[in-house]
Amino acid sequence: MAGRPRLDKHTATGNLVDDPVTREVSGSKLVTFRLADTPRVFDREANEWKDGEAVFYDVAVKSVRLGENVVGSLAKGNRATVTGNYEAVPYVNKEGSPGLNHRVWADEVSASLEIATVEIAQNQKPGLWAKAMDAQVAPVDVEQATVDREWGLV
């Protein structure tokens, strides 16, 4: 991954562009979705707030438990915050113009309470289910190049 800018922790807040999807990558489950972070900027000439240029993030959730909660809780259009390892991946589009693909390997995903209310529902109490899930909590060990190929990015 030489030449790719990485940050160990990055937080982005925005709206889901699509529903979260569970993908099979190298025999492991990975939940993915796109997040659009559109900043508000003040236009002094018009004396009003306007939408700035959106930044789109490809978000991947490696933890099985977190991924299941994301799929069960969030949908297209919901506002959410993601925190995790950030990576900027340069690419060239079909027209030959360079671009930058923003990715976050999420450790945390939460619904935003700015424009919605959320009712917290605990997962099942510890027991057989929790013991079975604990075996799946370890992050998925997937090489970035494998994900790139699976998503059709290379």
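All figures in this text were calculated on a predicted structure; none of them were measured in a lab. (Residues numbered from 1 in each chain as written. Predicted model: local features only at pLDDT ≥ 70, side-chain atom pairs only at ≥ 80, totals over all residues. Heavy atoms only, no water.)

**Q** Even after reading the chapter, I still don't get the packing of aromatic side chains, so can you show me in this structure?
**A** Each aromatic ring pair is described using two quantities: the centre-to-centre distance and the angle formed by the ring planes. Applying the stated rule across the entire model yields 2 aromatic pairs. For the pair Tyr-57 and Tyr-86, a centre-to-centre distance of 6.3 Å together with 70 degrees between the ring planes defines the contact as edge-to-face. Residue Tyr-57 is found in strand E6 (residues 55-61), and its partner Tyr-86 is found in strand E7 (residues 79-92); the two are separated by 29 residues along the sequence. Side by side, Tyr-57 and Tyr-86 carry an identical accessibility label, which is buried. (Phe/Tyr/Trp six-rings, centres within 6.5 Å; stacked < 30°, edge-to-face > 60°. Helix = DSSP H or I, 4+ residues; strand = E, 2+ residues; numbered from the N terminus. Buried < 20%, exposed > 50% of the residue type's maximum accessible area, 1.4 Å probe, protein only.)

**Q** Whenever I open this one, the pattern of salt bridges confuses me. Can you help?
**A** A side chain of one charge can pair with a side chain of the opposite charge when the charged atoms of the two come close. Summed over all chains, the structure comprises 6 salt bridges. Its salt-bridge partner being Arg-40, residue Asp-51 comes within 2.8 Å of it at the nearest N-O pair. Of this pair, Asp-51 sits in strand E5 (residues 48-51) while Arg-40 is found in strand E4 (residues 40-43), placing the two residues 11 residues apart along the sequence. Judged by relative accessible area, Arg-40 falls into the partly exposed class, the value being 48%. Through salt bridges with shared partners, a single ionic network connects Asp-43, Glu-48 and Lys-50. (Salt bridge = Lys/Arg side-chain N within 4 Å of Asp/Glu carboxyl O.)

**Q** Explain unusual backbone geometry to me, please; I cannot follow it from the model alone.
**A** One can expect most non-glycine residues to show negative phi and most peptide bonds to be in trans. Even without being glycine, Ser-26 reaches a positive phi, approximately 50 degrees. Within the secondary structure, Ser-26 sits in the loop between strand E2 (21-25) and strand E3 (28-37). Backbone geometry at Asn-47 places phi at a positive 55 degrees, although glycine is not the residue there. Assignment of secondary structure puts Asn-47 in the loop between E4 and E5.

**Q** Would you take a moment to explain the environment of Leu-113 for this structure?
**A** Structurally, Leu-113 can be placed in the loop between strand E8 (98-111) and helix H2 (128-134). Assessed through its relative accessible area of 60%, Leu-113 is described here as exposed. Residues Leu-113 and Ala-80 lie 33 residues apart in sequence; the distance between their C-alpha atoms is 8.6 Å.

**Q** Is there a simple way to think about the confidence of the model for the chain in this case?
**A** Atom-level detail of predicted coordinates should not be read off regions where pLDDT is low. On average, residues of the chain score 82 in pLDDT, and 77% of them reach the 70 mark or higher. Predicted confidence in the chain is weakest over H2, with a mean pLDDT of 50, and strongest over E6, with 94. (pLDDT = per-residue confidence, 0-100.)

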